[in-house]
Amino acid sequence: MALQDLDERLGLHRSGDGLVPDDQQQHPAQAQVLGEPLVLPNGRLQRRVRQPRGDIEDELVAAVLRRRNDEWCARLRTLAAAASTPEDQLLAIFDLLGQEFSDPSYRGSDLVNVAAEYPDPDHPVRVAIRDHKREILRYLAELATAAEEADPEKVAATVLTLADGAACVRVSVGDQGAAALAREAASRLLAHR
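These lines cover the structure that appears in this document, whether it is placed above or below. Since the structure is predicted, the reported quantities are computational estimates derived from the model, not experimental observations.

### Let's talk about the packing of aromatic side chains
At step 1: For the structure on display, the rule yields one aromatic pair.
At step 2: Ring plane angle 55° and centroid distance 5.1 Å describe the contact between F101 and Y106, whose orientation is recorded as tilted. Across the pair, exposure class does not vary: F101 and Y106 are buried alike.
At step 3: Across from the ring centre of Y139, 4.1 Å away, lies the NZ or CZ of R77, which sits over that ring.

Set out below in structure tokens:
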């Protein structure tokens, strides 16, 4: 099912603030989707998504997460393409996180926050989240290969682990500099290979 078809099926329309129900066009930041609160200011999930009660809600959450993945990965690719060295391209993920962390309203990764609500690893929402992480790993491995790393998959996993750890520190401790610290750690690890 195409995202636009799903949007129409659920009575949603696109706005500058993301997906909102047709009957809530005046208040796009707070959307009620089939009785479940889903906050979408500036196109980002900001509140816990409660366990959906049916397939249509599952489709909606998975579709939103896939869209977030596409947007986030496009931003990462743009930053990496602008980097001057292969190592800086690989470390661009921390630059992207640094941009996100500087926003005082940052509440963590939409995908990680939503994952806690869906414990079944085979649930469509968890599959969308897993696909997102796998796409990042593949891209980081490509960058590690271009940087002539001996074990690109291991380097990609290490960089992603540090990036995810930085996101946890930003949320739990409130440290806006967590991305810079993780970038420095990743750079040191790469230098010692």
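### Structural notes on the side chain of R170
At step 1: Take R170: it is sitting in helix α7 (residues 152-173).
At step 2: It is D103 that comes nearest to the buried, bridge-free R170 among opposite-charge side chains, at 6.5 Å.
At step 3: Within the structure, the side chain of R170 is placed 2.9 Å from the backbone oxygen of F101, a separation counted as a polar contact.
At step 4: Excluding residues that lie within four positions of it along the chain, R170 makes contacts with F101, D103, P104, Y106, D175, Q176 and A178.

### Concerning the pattern of salt bridges
At step 1: Counted by the stated rule, this structure contains five salt bridges.
At step 2: Its salt-bridge partner being K133, residue D164 comes within 2.8 Å of it at the nearest N-O pair. Here the residue D164 occupies a position in helix α7, and K133 occupies one in helix α6 (residues 124-146), the gap between them amounting to 31 residues.
At step 3: Accessibility expressed as a relative area gives 18% for K133, which makes it buried.
At step 4: Here the residues in one salt-bridge network are D88, D95 and R183, joined through shared partners.

Thresholds applied
- Residues numbered from 1 in each chain as written.
- Predicted model: local features only at pLDDT ≥ 70, side-chain atom pairs only at ≥ 80, totals over all residues.
- Heavy atoms only, no water.
- Phe/Tyr/Trp six-rings, centres within 6.5 Å; stacked < 30°, edge-to-face > 60°.
- Buried < 20%, exposed > 50% of the residue type's maximum accessible area, 1.4 Å probe, protein only.
- Lys NZ or Arg CZ within 6 Å of the ring centre and 35° of its normal.
- Helix = DSSP H or I, 4+ residues; strand = E, 2+ residues; numbered from the N terminus.
- Lys, Arg positive; Asp, Glu negative; His and termini not counted.
- Salt bridge = Lys/Arg side-chain N within 4 Å of Asp/Glu carboxyl O.
- Polar contact = N/O pair within 3.5 Å; in protein donor to acceptor, adjacent residues only side chain to side chain.
- Contact = heavy atoms within 4.5 Å.

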